[in-house]
Amino acid sequence: MKKFIEGIPKAELHLHIEGTFEPELMFRIAKRNDIKLNYKNIKDLKKAYNFANLQEFLDIYYMGCNVLLHEVDFYDLTWAYLLKAKEQNILHTEIMFDPQTHTERGISFDTVINGIHRALTQAETKLGVTSKLIMSILRHLPEQAAFVTLEQAAPFKEWIDVIGLDSSEIGHPPSKFKRVFQKAKEEGYLIVAHAGEEGPPDYVTEALEVLHVNRIDHGNRSLEDNDVVSDLIERKMALTICPLSNLKLKVVSDLKVHPLKEMLLKGLFVTINSDDPAYFGGYLNENYIEIQKALNLSKQDIVQIATNSFKASFLNEIEKNAMLLKLKEFTDV
Ligand code: HPA
Ligand code: ZN
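Read on for a plain summary of the structure. (Residues numbered from 1 in each chain as written. Chains lettered and ligands numbered in written order. Predicted model: local features only at pLDDT ≥ 70, side-chain atom pairs only at ≥ 80, totals over all residues. Heavy atoms only, no water.)

This part takes up the overall build of the protein. On a plain count of helices and strands, the protein comes out with 17 helices and eight strands. A globule of 333 residues ought to have a C-alpha radius of gyration of about 20 Å, and the protein, at 19 Å, matches this closely. In terms of overall dimensions, the protein has a C-alpha envelope of 50 × 45 × 40 Å along the principal axes. Residue burial in the protein is summarised as follows: out of 333 residues, 59% are buried. Within the protein, counting contacts between residues at least 6 apart in sequence, those at least 24 apart form 76% of the total. Carbon and sulfur atoms make up 51% of the accessible area of the protein, which amounts to about 13800 Å² in all. In the protein, which carries 39 positive and 48 negative side-chain charges, the distance between the mean positions of the two groups comes to 6 Å. (Helix = DSSP H or I, 4+ residues; strand = E, 2+ residues; numbered from the N terminus. Rg over C-alpha atoms; globule rule 2.2 N^0.38 Å. Buried < 20%, exposed > 50% of the residue type's maximum accessible area, 1.4 Å probe, protein only. Contact = heavy atoms within 4.5 Å. Areas by Shrake-Rupley, 256 points an atom, 1.4 Å probe, with all protein chains shown as cover. Lys, Arg positive; Asp, Glu negative; His and termini not counted. Charge placed at Lys NZ, Arg CZ, Asp CG, Glu CD.)

Here it is in structure tokens:
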């Protein structure tokens, strides 16, 4: 089963590029930029990767970002993930970046996006890994700041396909960003939002009805409300489930009680993703492997989830079919 999971062609749809920042690279870039980290060494830093909730993780995640200063830093970060994606048979990846995490520290928007974009184009030509770029809005900041970010993105519209919503969920419902997402939609962007990770099922409903999302990130807590579940099924709305993230951030107490199987059985459109792999103990294949073991998922379940990953992507129908064909070729042998 492990070999099968490692080999199966798949797409990743929920991945924060800043969450792929491995301690080794972090220390290397810190040294290069003459920045002192608050941790003596890699071992010391890794000891801090013990989170009671989303906020404790975010505090460390934002701290790690402080060493990213130059275009090449964002390029190196993105390229390291793309090499990993290639190794894991990820044919297509839809990655998020948080521009405000960097612009708030005085780094220019173009420095960030130029570095990320250069790695993404190179991956397409050199690795054959395709991608979409999702610009995520930090929900703990005011809506006005999101409007500024949307404006900064305008010259790079060709490079950005989707606007997302992430960071501290509780107390920052999707409706707080109603106007900025309306503007983003009018400008032609697709929309995603983190909802129902720590926040209540109402936040999922708001993401659907107020932001008009094309996909929900996480959505675990939807299961607490049958009406929300029926609504998601009726809309064929994809959820990007992140098992190891859920475990590390105490959204679930154990992978054995993770709701993924129940979601599949109910007919929800679920995918598996890694979220912030450098912090949560595994990349995409590790997420598939660990959840398969914990829930005793069948090969058929794995094929279903990999199929969903292409179907729920923002590729066009021709591109989706080409990747689904590769998946079929793999499962037919
Ligand atoms: N949830 C919300 N915001 C985030 C996450 C997450 O898992 N990772 C990075 N920003
Ligand atoms: Zn996330």
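So, about the coordination of the zinc ion (ligand 2). At 2.0 to 2.2 Å from the zinc ion (ligand 2) lie its protein donor atoms, namely His-14 (NE2), His-16 (NE2), His-194 (NE2) and Asp-275 (OD). Relative to the metal, the four donor atoms surrounding the zinc ion (ligand 2) lie at angles of 81 to 172°, and the coordination shape comes out irregular. All donors of the zinc ion (ligand 2) come from a single chain, and their spacing in sequence reads H-x1-H-x177-H-x80-D. Here His-16, found in strand S1 (residues 10–16), pairs with Asp-275, found in the loop between strand S8 (269–272) and helix H14 (277–280); they are 259 residues apart in sequence, far enough to count as distant. Taken as a pair, His-16 and Asp-275 share a single burial class, namely buried. (Donors = N, O, S within 2.8 Å, 3.2 Å for Na, K, Ca; no water. Tetrahedral: all angles 85-135°; square planar, octahedral: opposite > 155°, others 65-115°.)

Taken together, eight strands build an open sheet; the order of strands is S1-S2-S3-S4-S5-S6-S7-S8 and the sheet is parallel. Single-partner strands in this sheet number two, and they are S1 and S8. Within this sheet the neighbouring strands show an average axis-to-axis angle of 25°, counted without direction. Sheet topology note: the strand S2 (residues 90–97)/strand S3 (residues 130–138) ladder contains six bridges and is parallel. Following the sheet pairing, Met-96 is matched in S3 by Ile-134. Strand contacts of helix H15 (residues 284–295): S1, S2 and S8, with the helix running at about 105° to S1, the strand carrying the most contacts. (Pairing = 2+ DSSP bridges. Axes fitted to C-alpha atoms, helices over the stretch in contact; angles between N-to-C directions.)

Take the packing of aromatic side chains next. Under the criterion given, the structure shown has 14 aromatic pairs. When the centroid spacing of 5.4 Å and the interplanar angle of 45° are considered together, the rings of Phe-4 and Phe-330 count as tilted. Highlighted residues: Phe-4 in helix H1 (residues 2–7) and Phe-330 in helix H17 (residues 317–332), separated in sequence by 326 residues. Owing to a relative accessible area of 14%, Phe-4 belongs among the buried residues under this scheme. A network of ring pairs unites the aromatic residues Tyr-49, Phe-51, Phe-57, Tyr-61, Tyr-62, Tyr-279 and Phe-280 as a single cluster. The ring of Phe-314 has Arg-215 sitting right over it, with the charged end atom 4.1 Å from the ring centre. Stacked on the ring of Phe-4, the Lys or Arg Lys-299 has its end atom at 4.7 Å from the ring centre. (Phe/Tyr/Trp six-rings, centres within 6.5 Å; stacked < 30°, edge-to-face > 60°. Lys NZ or Arg CZ within 6 Å of the ring centre and 35° of its normal.)

A few words on the nonpolar core. Core analysis: the largest hydrophobic core is formed by 113 residues, its most contacted members being Ile-160, Ile-163, Ile-216 and Tyr-279. Setting aside chain neighbours within four positions, we find Tyr-279 in contact with Glu-18, Gly-19, Phe-21, Met-26, Tyr-49, Phe-51, Phe-57, Ile-60, Tyr-61, Gly-64 and Lys-248. If you look at the next biggest cluster of nonpolar residues, it comprises five residues, including Met-96, Val-162, Val-192 and Phe-314. (Core = buried A, V, L, I, M, F, W, Y, C linked by side-chain atoms within 4.5 Å.)

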